[in-house]
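# Geometric and topological summary
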Amino acid sequence: MLGDDVTATQPAPINLETPTRRGDVIAAVLCLLAGLLGYFVVVPAAVYVPAKFAGTANSPAFLPNVMFVILAVLGAAYLVLSLIARHRAAAEGRVSPSDWALAGGTALICIGYVAAIHAVGMTLASALAVAATIYYFGERRPMVIASIALILPMLLWYFFVKIAHILFPTPWLGIIEWLEAALEAGAGLV
């Protein structure tokens, strides 16, 4: 009987997208820490301030410091308000482990995408990431996955490189450049 009472008082599970008071507290702490870290670590390490401008409004560090102070003050206010609201609110449900696993897998795909951009280039990395994401979220038809994973990155590449003249990052492995050179050489033979 004791086990039945415990499950009856626990709140129902919630979706990962559901705003929670617990999430507000975490976001407030992150904002406060980012403001403090920026003010005490990032600006002193990254902004060179000549001696004649130190401590003045003309200092290159003045505006970044002001922005980090504002972030820290607003983060502290957000934290206080979030803690008060969490204390007054009813108990909130927890997110199911399967939702966290889905979010974690998506994060791993994103991390792999960023790494692949540097290794094989933006176009090929985009094709691989699109294919992995489509497959991860349940699509199993190879023609659908392949067509979307090939057409979308190639259209983006064509727009950015050929129309807008915005160059993509140079990859460690020049696979796309090798393919372009091979196509040009093949066209020259015909």
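All values derive from a computational prediction rather than experimental measurement.

Moving on, we come to the environment of Phe62. Note on placement: Phe62 falls in helix α3 (residues 62-88). Overall, the relative accessible area of 41% leaves Phe62 in the partly exposed class. It is 14 Å that separates the C-alpha atoms of Phe62 and Val41, two residues lying 21 residues apart in sequence. Residue contacts for Phe62: discarding those within four places in its chain leaves Thr56 and Ala57.

Attention shifts here to the domain arrangement of the protein chain. The assigned domain composition of the protein chain is domain 1 (17-94) and domain 2 (97-189). Relative placement of domain 1 and domain 2: their C-alpha centres are 36 Å apart.

Scanning the entire structure with this criterion turns up 4 aromatic pairs. Ring centres 5.4 Å apart and planes at 85° place the aromatic pair Tyr136 and Phe137 in the edge-to-face group. Each ring, one from Phe159 and one from Phe160, has its centre 5.2 Å from the other, and the planes form 75°; the classification is edge-to-face. Under the relative-accessibility criterion, Phe159 is labelled partly exposed at 42%.

Turning our attention to helix α4 (residues 97-120). When the terminal C-alpha atoms of α4 are compared, their 33 Å separation across 24 residues agrees well with the 34 Å that a helix rising 1.5 Å per residue should span. For α4, the complete set of buried residues consists of Gly105, Ile109, Ala116, Ile117, Ala119 and Val120. Following α4 by one or two positions, Gly121 adopts a phi angle in the positive range, close to 105°.

Nonpolar side chains collect at one region of the surface, where Leu36, Leu37, Tyr39, Phe40, Val41, Val42, Val69 and Val73 lie side by side and expose about 690 Å² of accessible area between them. Those elements that place two or more of their residues in the nonpolar patch are α2 (21-46) and α3. By residue number, the principal contributor to the nonpolar patch is α2, which donates 6 residues. Counting through the fold element by element, Val73 comes out in helix α3. We classify Val73 as exposed; its relative accessible area is 51%.

Another aspect to go through is the nonpolar core. In terms of nonpolar packing, the biggest core is built from 5 residues, these being Ala116, Ile117, Ala119, Val120 and Ala125. No other element matches the 4 residues that α4 contributes to this core. Setting aside its immediate chain neighbours within four residues, Val120 contacts Ala125, Pro171, Leu173 and Ile175.

Moving on, we come to the pattern of salt bridges. One pass over the structure, following the stated rule, counts 2 salt bridges. Among the salt bridges present, the one from Arg21 reaches Asp24, with a minimum N-O distance of 4.0 Å. Of the two residues, Arg21 and Asp24 are both situated in helix α2; the distance of 3 residues between them amounts to about one turn of the helix. Arg21 gets classed as partly exposed once you look at its relative accessible area, which sits at 35%. In this structure Asp24 comes out as partly exposed when scored by relative accessible area, which is 24%. The closest approach of N and O atoms between Glu139 and Arg141, which form a salt bridge, is 2.7 Å.

Conventions used here
Residues numbered from 1 in each chain as written. Predicted model: local features only at pLDDT ≥ 70, side-chain atom pairs only at ≥ 80, totals over all residues. Heavy atoms only, no water. Helix = DSSP H or I, 4+ residues; strand = E, 2+ residues; numbered from the N terminus. Buried < 20%, exposed > 50% of the residue type's maximum accessible area, 1.4 Å probe, protein only. Contact = heavy atoms within 4.5 Å. Domains from an automatic or database assignment. Phe/Tyr/Trp six-rings, centres within 6.5 Å; stacked < 30°, edge-to-face > 60°. Expected span 1.5 Å × (residues − 1). Patch = residues over 30% accessible without salt bridge, like charges linked within 9 Å, V, L, I, M, F, W, Y side chains within 5 Å. Areas by Shrake-Rupley, 256 points an atom, 1.4 Å probe, with all protein chains shown as cover. Salt bridge = Lys/Arg side-chain N within 4 Å of Asp/Glu carboxyl O. Core = buried A, V, L, I, M, F, W, Y, C linked by side-chain atoms within 4.5 Å.

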